[in-house]
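Listed here are the chains, written in short residue letters.
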Amino acid sequence: MPIEKHDLVHEFPDFQAKITELKTSDNHFSRLFDQYDELTHAIYHAETEVEPTTDEHLEEMKKERLHLKDQLFEMLKA
């Protein structure tokens, strides 16, 4: 099963310009974006077994990423 891309531009392609704008103009957005990106990389490494982890830890990371994604989406819609 191929691993899906979950970076923010793939998740919200219609908001690519706004993502770029907010990353440079909004410190809060930029900080959340960086957290989301770091978590996405950690999840990818866990799923590809580069850095093995427990299923429970992987699920917690995915829940945290979803929470960040929801926050970022709200900011993009505003």
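Here, every reference points to the structure presented above.
Residues numbered from 1 in each chain as written. Predicted model: local features only at pLDDT ≥ 70, side-chain atom pairs only at ≥ 80, totals over all residues. Heavy atoms only, no water.

(A) Spatial organisation of the packing of aromatic side chains. Enumeration according to the criterion identifies 4 aromatic pairs in this entry. Between Phe12 and Phe73, the ring centres sit 4.9 Å apart and the planes meet at 20 degrees, which makes this aromatic pair stacked. On the criterion of sequence distance, the pair formed by Phe12 in the loop between helix H1 (8–11) and helix H2 (16–25) and Phe73 in helix H4 (residues 55–77) is long-range, its members being 61 residues apart. Given the relative accessible area of 11%, Phe12 is considered buried. Assessed through its relative accessible area of 27%, Phe73 is described here as partly exposed. Linked through ring pairs, Phe12, Phe15 and Phe73 together constitute an aromatic cluster. (Phe/Tyr/Trp six-rings, centres within 6.5 Å; stacked < 30°, edge-to-face > 60°. Helix = DSSP H or I, 4+ residues; strand = E, 2+ residues; numbered from the N terminus. Buried < 20%, exposed > 50% of the residue type's maximum accessible area, 1.4 Å probe, protein only.)

(B) The layout of surface pockets, seen in detail. Space inside the largest pocket adds up to approximately 220 Å³. What lines the largest pocket is a set of 12 residues, among which Glu4, Lys5, His6, Thr40 and Tyr44 lie closest to the centre. It is helix H3 (residues 27–47) that contributes the most residues to the lining of the largest pocket, 6 residues altogether. For the lining of the largest pocket, the per-class residue count stands at 3 nonpolar, 3 polar and 6 charged. (1 Å grid on protein atoms, 1.4 Å probe; cavity = no way out; pocket = protein on both sides within 12 Å on 5 of 7 lines; lining within 4 Å. Points joined across faces, edges and corners; volume = space filled by probe spheres on them. Nonpolar A, V, L, I, M, F, W, Y, C, P; charged D, E, K, R; others polar.)

(C) Here's a closer look at the side chain of Thr40. Structurally, the position occupied by Thr40 is in helix H3. Accessibility expressed as a relative area gives 11% for Thr40, which makes it buried. Look past the residues within four positions of Thr40 in its chain and what remains in contact with it is His6, Asp7 and Arg65. (Contact = heavy atoms within 4.5 Å.)

(D) How the structure looks around the pattern of salt bridges. Enumeration according to the criterion identifies 4 salt bridges in this entry. Where Glu11 meets Lys69, a salt bridge forms, and the shortest distance between an N and an O atom there is 2.4 Å. In this pair, Glu11 sits in helix H1 while Lys69 sits in helix H4, placing the two residues 58 residues apart along the sequence. By relative accessible area, which is 22% here, Glu11 ends up partly exposed. The closest approach of N and O atoms between Glu47 and Lys62, which form a salt bridge, is 3.1 Å. Remark: Lys62 occurs in helix H4 and Glu47 occurs in helix H3; sequence separation between them is 15 residues. For Glu47, a relative accessible area of 30% corresponds to the partly exposed category. On the basis of relative accessible area, Lys62 is assigned to the partly exposed category, the value being 26%. (Salt bridge = Lys/Arg side-chain N within 4 Å of Asp/Glu carboxyl O.)

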